[in-house]
Amino acid sequence: MASRSSTNPPAPRSQANRLEAAATADTTAAPGVLLVAPGRPWMTLRRREMLAGYVFISPWIVGYLALQLGPVLASLLLSLTAYNIVEPPQFVGTRNYVTAFTNDDLFWPSLRRSLYYVALDVPVGILLSLLLALLLNQRLRGTNLFRTLFFLPSVTPTVAAIFFWVWIMQPDWGLLNWTLSLVGVRGPAWLGSIEWAIPSLVTIDLWTAVGGTRMVIFLAGLQGIPRELYEAAAIDGAGAWRRFRHVTLPMLTPTIFFVTVLTVIFALRVFTSAYIATGGGPAYATWFYTFHLFKQAFQFFSMGYASALGWILMVVLLAFTFVQFRLQSRWVHYEGERQS
Amino acid sequence: MQILSRRGFLSIAALLGVGTLGGVMAACGPAATPTPAPAKPVEAPKPAAEAPKPAAEATKPSVPAAAAPSGAVAPVTLRFNNRTGREAEIFDEMAKVFREKRPNIEIKNESFPGANQEYFQKMALLVAGGTEGDLVWMSSIEGFYDFASRNAWLPVDDLVAKDKVELGQWYKAAVDMMSVEGKMYGLPLWSHPSITGLFYNGDLFDQAKLKPPDGQQSFEQHAELARQLTKRAADGKAEVFGFNPATGYYNGHGQVILAFGGEMISKDGKQMTYDQPAVREALQWMADLYVKHKVAPVPGTDDAGQLQANGKLAMWASGVWGSWASKQWKFTNWGATLTPKGKSGKYGAMLQTDANPISKRSKNVDAAWEFHKFMCSEPAGKILRDGTYVPSSRPDIYESPEAKANKGLAPFAAALREAVPLPKPANYRLRELEIAINQVMGNLWLGKMTVDEVTKEVNRVGQQILDKPAGAA
């Protein structure tokens, strides 16, 4: 596999030093500006930018350290205990992990269900979001209206949207089956059907998510593609499809990659719709991995075991992400990089 | 030095996303639920001598709890944890009436939102953090037994004996349900005989020229009635359903099992019993409603309230709260009776009793006990009967003229007389067992498993739960 490097390779060190020196040279004289020691200046341009960057992300860092890192580490320790939250945790070593892999009837099926959900939700969701972004990128009259309409479901409160769809998918008097009956089709029980329950939840997610943040990211990616590339392609005689195939798509691959990684992560976390619409049923049909984790933690109060499930999921997610990163060099094109 | 590339940025962003997710998942839970601190060991019970001693606490023998003398407790404020909604409103009403007799005891209702699951999560966290109220409303299915077995509640045997509380004023099964491992953890607040009510739309019976059920029908007669009341379109699809049974373990098919003479679980709470012939017969009767007769809507997909309200359902199983929902119905011609009697000669009534146990950490035991007694008394029972959907645990309330005049409530008195205590697993994993059984049973209602297959699977899955150690771990 060919490795890639930047088409604008970093300047030689001597040149870089000269640039840094140039950037800081006059600061010694400017009033109110940090004075630097003769020789190598401490507050270089790069350091200033780095400092500014840290200042900008500091709210997130503080929040992460204060509110998330502690529970994360605590859950790692709790995963090695039997802990019902009322009594103190008891150390059990790796028993929870062994139980998950060997003695929990719901562990593997729930993981499979989550993966099935991902397999349905991610490709269709990304494709539809991309299609919507392409439509909005046409700069036609009424684009702003359509952008708002597409985005609207994603700002609808999740619970309200799910209840809305539960009614639509109601098998006996729901709008969906009624519509199908008009064309002579007898619809399934949707959320009440073992076979259709997960596709139904995928449908609900697609309705709420395709026009949301994912579409906006794609739209930003599309609008970041230089117009000159399209002009050059047009001059070379490329039609709309070829421009899309050979300009848009390659230039958008970093965005597609980014969106894919995040969508997989979010899809594997599927929980809310199952919690509200199906309660994990019928007959465990929507008993997803995170649902299993939640039940263990917050209804059966097996907090130690639930923590172990959380860390197993963490490993699964890391594995997924690692594989995607390994594969990205085969299809992701970064502007400004070239093959060496 | 090279500035962070886009690839690098995306890599870091995605990895941080995974890391953050891991954190969220590892600490997975409702957004508003804090991660609990490790629980302190539950404090040892305070010696009775530590509690403020009322000057004249003695209660006369056989005097109802509500008639306890007033002014015996030093001024205190009691914290009472309960659920928002009608229940909280009714507890407010009770507190007002109570304070007329006991002005020195202030009741601070701390009501928490959420359905059962969310409410009991909250209570578990409060107990874990040692910050629960002096009194805590608890459901028999959710956490009453589990917490009692962990010494979270105060045993009241001594208080009952001291006040010579006449336990015969409540249903015996309800009193029995208040005991865990030989200790009594409260008086029964309210009870209901599970899903033994049968409500019906009188208009649909009139249209079909059929006589409504009277509580004496057999299961076969009931199924036949449901068939006759089901109306179908030309394509065979039901437009009006004859009957909507309840399918749950504690609220639903469990009552049918009991009516057929089966057991929901062994008497010692350690063995599954779904291989009993009576259980299989009961489940076959229910499965036929869905799969063979097709007189019932697909479980889990129909909001029964919608069907009732719109006159699309002729009969439905419900509990004592059934008539409460009648306010939403367009039709006024409705009635209520009891579900069929089975081979056992009974309705299959199983008691569910909720309580307001006193926290073992309470520093106001005497005051809490006074309010606890009041909430289980006849005057409080009248407030419950007239203002909410589960009227007390008292025969004198369920059999009162006012209850008999309530057509939605009156039939349940007969069910309560025969009701057996809720059969509970020896390890108190009630909800875990219920959820597992309900999920597996879905295969039967949807026609994906036969009774043979489903009973074997329920026994297998249920036994795994019964074999777990007591409580969660």
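Everything numeric here is computed off the predicted structure, so don't read it as measured data. (Residues numbered from 1 in each chain as written. Chains lettered and ligands numbered in written order. Predicted model: local features only at pLDDT ≥ 70, side-chain atom pairs only at ≥ 80, totals over all residues. Heavy atoms only, no water.)

Asker: I would appreciate a short explanation of the overall build of chain B in the present structure.
Answerer: Across its full length, chain B carries 18 helices and 13 strands. Burial analysis of chain B (473 residues in total) assigns 59% to the buried set. Counting only contacts in chain B whose residues sit at least 6 apart along the sequence, the fraction spanning at least 24 positions is 76%. Counting every atom, chain B has about 18400 Å² of accessible surface; 54% of that belongs to carbon and sulfur. (Helix = DSSP H or I, 4+ residues; strand = E, 2+ residues; numbered from the N terminus. Buried < 20%, exposed > 50% of the residue type's maximum accessible area, 1.4 Å probe, protein only. Contact = heavy atoms within 4.5 Å. Areas by Shrake-Rupley, 256 points an atom, 1.4 Å probe, with all protein chains shown as cover.)

Asker: Please explain the sheet that holds strand S6 (residues 190–192) of chain B as it appears in this structure.
Answerer: Strands belonging to one sheet form pairs held by backbone hydrogen bonds; the direction of such a pair is parallel or antiparallel. Residue and element names in this part refer to chain B. Pairing within the open sheet is mixed, and its three strands lie in the order S6-S12-S13. Two strands bound the open sheet, and with one partner strand each, they are S6 and strand S13 (420–421). Bridge count for strand S12 (residues 350–354) against S13 is two bridges, and the pairing is parallel. Its bridge partner being in S13, Met-350 is matched across the sheet by Val-420. (Pairing = 2+ DSSP bridges.)

Asker: How should I be thinking about helix H4 (residues 140–149) of chain B in this particular structure?
Answerer: Since there are 3.6 residues in each turn of an α-helix, residues three or four apart along the chain are aligned in direction. All names here are of chain B. With respect to burial, H4 is a largely interior element, nine of its ten residues being buried. Among all positions of H4, only Ser-140, Ile-141, Glu-142, Gly-143, Phe-144, Tyr-145, Asp-146, Phe-147 and Ala-148 are buried. The residue sitting at the N-terminus of H4 and contributing the capping side-chain oxygen is Ser-139; that oxygen lies 3.1 Å from the backbone nitrogen of Ile-141. Just downstream of H4 lies Asn-151, where phi reads positive at about 65°. (Polar contact = N/O pair within 3.5 Å; in protein donor to acceptor, adjacent residues only side chain to side chain.)

Asker: Got a minute to help me understand the nonpolar core in this structure?
Answerer: If you look at soluble globular proteins, the nonpolar side chains tend to sit buried side by side. Residues Trp-153, Tyr-274, Met-315 and Phe-371 of chain B are the most contacted members of the largest nonpolar core, which totals 221 residues. Among all residues touching Met-315 of chain B, those that are not within four sequence positions of it are Leu-198, Phe-199, Tyr-200, Phe-205, Pro-213, His-222, Leu-225, Ala-226, Leu-229, Gly-242, Phe-243 and Asn-244 of chain B. (Core = buried A, V, L, I, M, F, W, Y, C linked by side-chain atoms within 4.5 Å.)

Asker: For this particular structure, what's the right way to read the domain arrangement of chain B?
Answerer: Residue and element names in this part refer to chain B. Looking at the assigned domains, one finds that chain B contains domain 1 (6–189 + 353–407) and domain 2 (197–348 + 425–466). Taken together, the contact pairs 18 residues of domain 1 with twelve residues of domain 2. Regarding the contact of domain 1 and domain 2, the summed buried area is about 1300 Å², with carbon and sulfur atoms giving 62% of it. Three residues, Ile-141, Tyr-389 and Lys-407, lead the burial of domain 1 against domain 2; their summed loss comes to 51% of the area buried on that side. The leading source of residues in the side of domain 1 that touches domain 2 is H4, at six residues. Taken together, the residues of the side of domain 1 that touches domain 2 break down into seven nonpolar, six polar and five charged. (Domains from an automatic or database assignment. Buried area = accessible area lost by both parts, 1.4 Å probe. Nonpolar A, V, L, I, M, F, W, Y, C, P; charged D, E, K, R; others polar.)

Asker: What is the right way to read the environment of Leu-229 of chain A from this model?
Answerer: All names here are of chain A. Turning to its location among the elements, Leu-229 is positioned in helix H10 (residues 227–235). In this structure Leu-229 comes out as partly exposed when scored by relative accessible area, which is 35%. Expressed as a C-alpha distance, the spacing of Leu-229 and Thr-248, which sit 19 residues apart in the sequence, is 9.1 Å. Dropping the residues within four chain positions of it, Leu-229 is found in contact with Val-247 and Met-251.

Asker: In this structure, what is going on with the pattern of salt bridges? I would like to understand it.
Answerer: Close approach of charged atoms lets side chains of opposite charge pair. Residue and element names in this part refer to chain B. Counting across every chain of the model gives 27 salt bridges over all chains. Salt-bridge contacts for Arg-102 lead to Glu-370; the nearest nitrogen and oxygen are separated by 2.9 Å. Of this pair, Arg-102 sits in the loop between helix H2 (86–101) and strand S2 (105–112) while Glu-370 is found in helix H12 (residues 365–375), placing the two residues 268 residues apart along the sequence. By relative accessible area, which is 2% here, Arg-102 ends up buried. With a relative accessible area of 3%, Glu-370 lands in the buried category. (Salt bridge = Lys/Arg side-chain N within 4 Å of Asp/Glu carboxyl O.)

Asker: Explain the side chain of Asn-177 of chain A here, please?
Answerer: Residue and element names in this part refer to chain A. You can see Asn-177 is positioned in helix H7 (residues 175–182). The class of Asn-177 is buried, set by a relative accessible area of 5%. Among the polar contacts made by the side chain of Asn-177, one reaches the main-chain carbonyl oxygen of Pro-171 at a distance of 3.0 Å. In contact with Asn-177, other than residues within four places in its own chain, are Ile-168, Gln-170, Pro-171, Val-185, Gly-187, Pro-188 and Trp-190.

Asker: Would you mind showing me how to read the domain arrangement of chain A here?
Answerer: Accessible area lost upon the coming together of the parts serves often as the stated size of an interface. All names here are of chain A. We note that the domain assignment places domain 1 (45–95) and domain 2 (99–330) within chain A. For domain 1 and domain 2, the distance between their C-alpha centroids amounts to 28 Å. Contacts between the two partners involve ten residues from domain 1 and, on the opposite side, nine residues from domain 2. The tally of links between domain 1 and domain 2 comes to zero salt bridges. Counting every contact that joins domain 1 to domain 2 gives three residue pairs in polar contact (both at pLDDT 80 or more). In terms of residues, the side of domain 1 that touches domain 2 owes the most to one element, helix H2 (residues 45–78), which gives four residues.

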